[in-house]
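Below are the chains, spelled out letter by letter.
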Amino acid sequence: MSFAPEQVEAPARDAVLFRSSPARSFATLFAALIVAYLLASPAVAWFARETGDPWWVIALQAIAVAAGAAGLYTVSARAALPTWVRVSEVGLELAAQDSDPILLEWPDISAVVIRRVGLRTVLEVVPGDMDTVHPVQDAADGAPALTDTPRGQAFTADLSQLWPNPKALRRELEHWMLVKKNQPVRRF
């Protein structure tokens with residue numbers, strides 16, 4: 001079981017926390033699907049030359065479709081696992097998909113990459129040396145998942161359900177990468 005960010009003392013007072021929120025993701029996706037369904041329904045009915053269903057039937061269909069699709073996305077195996085990222089003057093803390101949190105100090109980070117993989121947004125953090133990765137608490141589940149990249153081994157995290165949002169995390173990471181390392185956050 002991963003540690004919640006509240007159980008881990010922040011390394012600095014200026015720390016900014018980003019965490020997964022399945023409820024917010026469900027609500028956002030649900031609202032977007034309702035709007036899309038309600039906008040597309042009249043166009044489909046017109047092209048199919050149907051007489052049309054009453055408005056309340058279309059509304060019930062929209063609710064059922066949106067709830068089903070948003071619910072499936074929210075409880076999908078990878079998306080339902082808690083993830084959090086905390087960025088501060090000291091470095092970057094990462095607990096991804098129910099892993100134990102780790103701390104990477106800014107001088108120990110070689111590169112930070114935020115990229116799209118299909119519908120997901122993925123964070124890759126490449127440490128300069130694996131020996132510089134600090135476990136934040138006593139490790140039980142292990143560090144976040146590792147992947148091989150052209151820049152070396154990288155810790156990965158799925159940011160699809162991260163709030164405030166991956167763009168806000170990118171801005172925060174860009175700020176500290178430029179201040180501490182004079183390097184940009186790479187986008188692919």
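Residues numbered from 1 in each chain as written. Predicted model: local features only at pLDDT ≥ 70, side-chain atom pairs only at ≥ 80, totals over all residues. Heavy atoms only, no water.

Considerations on the packing of aromatic side chains
This is how the line gets drawn: The pairing test for Phe, Tyr and Trp rings, Trp by its six-membered ring, is centres within 6.5 Å, and the orientation test on the planes gives stacked under 30 degrees, edge-to-face over 60, and tilted for anything in between. Numbering goes from the N terminus for both helices and strands, where a helix is a DSSP run of H or I of at least four residues and a strand is a run of E of at least two. Only protein chains enter the accessibility calculation, which uses a 1.4 Å probe; a residue is then buried when its area is under 20% of its type maximum, exposed when over 50%, and partly exposed in between.
With the rule as written, the count across this model stands at two aromatic pairs. Ring geometry for Phe 26 versus Phe 30: centroids 5.7 Å apart, planes at 15°, classification stacked. With Phe 26 and Phe 30 both in helix α1 (residues 22-48) and four residues apart, the pair spans about one turn of that helix. For Phe 30, a relative accessible area of 24% puts it in the partly exposed group.

Some points on the packing of α1 against helix α2 (residues 55-74)
Selection criterion: Fitting a line to C-alpha atoms yields each axis, with helices limited to the stretch in contact; the angle taken between N-to-C directions then spans 0 to 180 degrees. Crossing chirality is assigned from the near helix's rotation relative to the far helix, an anticlockwise turn below a right angle marking it left-handed and a clockwise turn marking it right-handed. Under the grouping applied here, Gly and all other residues not named as nonpolar or charged are polar, the nonpolar ones being Ala, Val, Leu, Ile, Met, Phe, Trp, Tyr, Cys and Pro and the charged ones Asp, Glu, Lys and Arg.
One can describe the packing of α1 onto α2 by two numbers: an axis separation of 8 Å at closest approach and a directional angle of 145°. Crossing of α1 over α2 shows right-handed handedness. Considering only residue class, the contact of α1 with α2 consists of 18 nonpolar, four polar and no charged.

What to know about the nonpolar core
Across soluble globular proteins, you tend to see nonpolar side chains buried next to one another. The line we're drawing: Among the buried residues, those of types Ala, Val, Leu, Ile, Met, Phe, Trp, Tyr and Cys that are joined through side-chain atoms within 4.5 Å form a nonpolar core.
Core analysis: the biggest nonpolar cluster contains 25 residues, and Val 87, Leu 92, Leu 94, Leu 123 and Leu 173 have the highest contact counts within it. For this core, the secondary structure elements donating two or more residues are β2 (84-87), β3 (91-95), β4 (102-105), β5 (109-117), β6 (120-127), β9 (152-158) and α3 (166-180). Counting residues per element, this core draws most heavily on α3, at five residues.

Thoughts on the side chain of Ser 88
Inspection of the secondary structure assignment puts Ser 88 in the loop between β2 and β3. Residue class for Ser 88 comes out buried when judged on its relative accessible area of 1%.

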